[in-house]
Amino acid sequence: MTPDELNDALDAMQTAAGEDSDRRPGLIEVRSDEWVDGLADMPVAKPKTIVDGIRIRDIKVAVSAGVVSRVLPRAEAGERGEPYRDLASRT
């Protein structure tokens, strides 16, 4: 997944969700090699609290060798994506 693909996926999910907060972006899962090969270079905000972790456009990021890179909606992410924030604009 490239930064453009990730941004496109986030924007598409946000648009498709409309007013349904459960369908909004909730967690970004990234395979570790894709993180190292480019997504780590995306602008990330400094964590506001200890539970914030890495965030891209205010959506929490989970990096692991055993996942397929994808964006999960809040309903599927559950507590792994908390605390949830509104999707920030592209910068």
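Everything discussed here concerns the structure shown above.
Residues numbered from 1 in each chain as written. Predicted model: local features only at pLDDT ≥ 70, side-chain atom pairs only at ≥ 80, totals over all residues. Heavy atoms only, no water.

A. Just the sheet that holds strand S3 (residues 59-64), in detail. Strand order in the open sheet formed by four strands is S2-S3-S1-S4, with mixed pairing between adjacent strands. Strand pairing shows two members of the sheet lacking a second neighbour, strand S2 (55-56) and strand S4 (70-73), which therefore form its edges. Where strand S1 (residues 25-31) and S3 come together, four bridges link them in parallel fashion. For Arg-31, the partnering residue across the bridge sits in S3 and is Ser-64. Lying over the sheet, helix H1 (residues 3-17) contacts S1, S2, S3 and S4, oriented at roughly 20° with respect to S4. (Pairing = 2+ DSSP bridges. Helix = DSSP H or I, 4+ residues; strand = E, 2+ residues; numbered from the N terminus. Contact = heavy atoms within 4.5 Å. Axes fitted to C-alpha atoms, helices over the stretch in contact; angles between N-to-C directions.)

B. Inspection of unusual backbone geometry at higher detail. In this structure, the amide linkage connecting Glu-82 to the following residue, Pro-83, adopts the cis form with an omega of -5°. Here Pro-83 is to be found in the segment after helix H3 (74-77). Located in the positive-phi region is Arg-57, a residue other than glycine, with phi close to 55°. Structurally, the position occupied by Arg-57 is in the loop between S2 and S3. Positive phi is not limited to glycine here, since Asp-58 has a value of about 70°. Within the secondary structure, Asp-58 sits in the loop between S2 and S3.

C. Inspection of the environment of Met-42 at higher detail. As for its position among the elements, Met-42 is in the loop between helix H2 (32-36) and S2. Setting aside its immediate chain neighbours within four residues, Met-42 contacts Pro-3, Leu-6, Asn-7 and Ile-56.

D. Structural detail: the layout of surface pockets. Looking at the largest pocket, its volume works out to about 180 Å³. In terms of lining residues, the largest pocket is bounded by 13 residues, among which Pro-43, Ile-56, Arg-57, Ser-89 and Thr-91 are the most central. The residue makeup of the lining of the largest pocket, split by class, is six nonpolar, three polar and four charged. (1 Å grid on protein atoms, 1.4 Å probe; cavity = no way out; pocket = protein on both sides within 12 Å on 5 of 7 lines; lining within 4 Å. Points joined across faces, edges and corners; volume = space filled by probe spheres on them. Nonpolar A, V, L, I, M, F, W, Y, C, P; charged D, E, K, R; others polar.)

E. Representation of the side chain of Ser-69 in the model. Note that Ser-69 resides in the loop between S3 and S4. Among the polar contacts made by the side chain of Ser-69, one reaches the main-chain amide nitrogen of Arg-31 at a distance of 2.9 Å. Of the polar contacts made by the side chain of Ser-69, one reaches the side chain of Glu-34; its length is 2.4 Å. If we skip the residues at most four places from it in the chain, Ser-69 touches Met-1, Glu-29, Val-30, Arg-31 and Glu-34. (Polar contact = N/O pair within 3.5 Å; in protein donor to acceptor, adjacent residues only side chain to side chain.)

F. Here's a closer look at the nonpolar core. By size, the foremost hydrophobic cluster in this structure holds 13 residues, and its most contacted members are Leu-6, Leu-10, Ile-28 and Ile-56. Per-element tally for this core: the top contributor is H1, with three residues. Apart from residues lying up to four places away in sequence, Ile-56 is in contact with Leu-6, Ile-28, Trp-35, Leu-39, Met-42, Pro-43, Val-44 and Val-61. (Core = buried A, V, L, I, M, F, W, Y, C linked by side-chain atoms within 4.5 Å. Buried < 20%, exposed > 50% of the residue type's maximum accessible area, 1.4 Å probe, protein only.)

Structural measurements only, silent on function.
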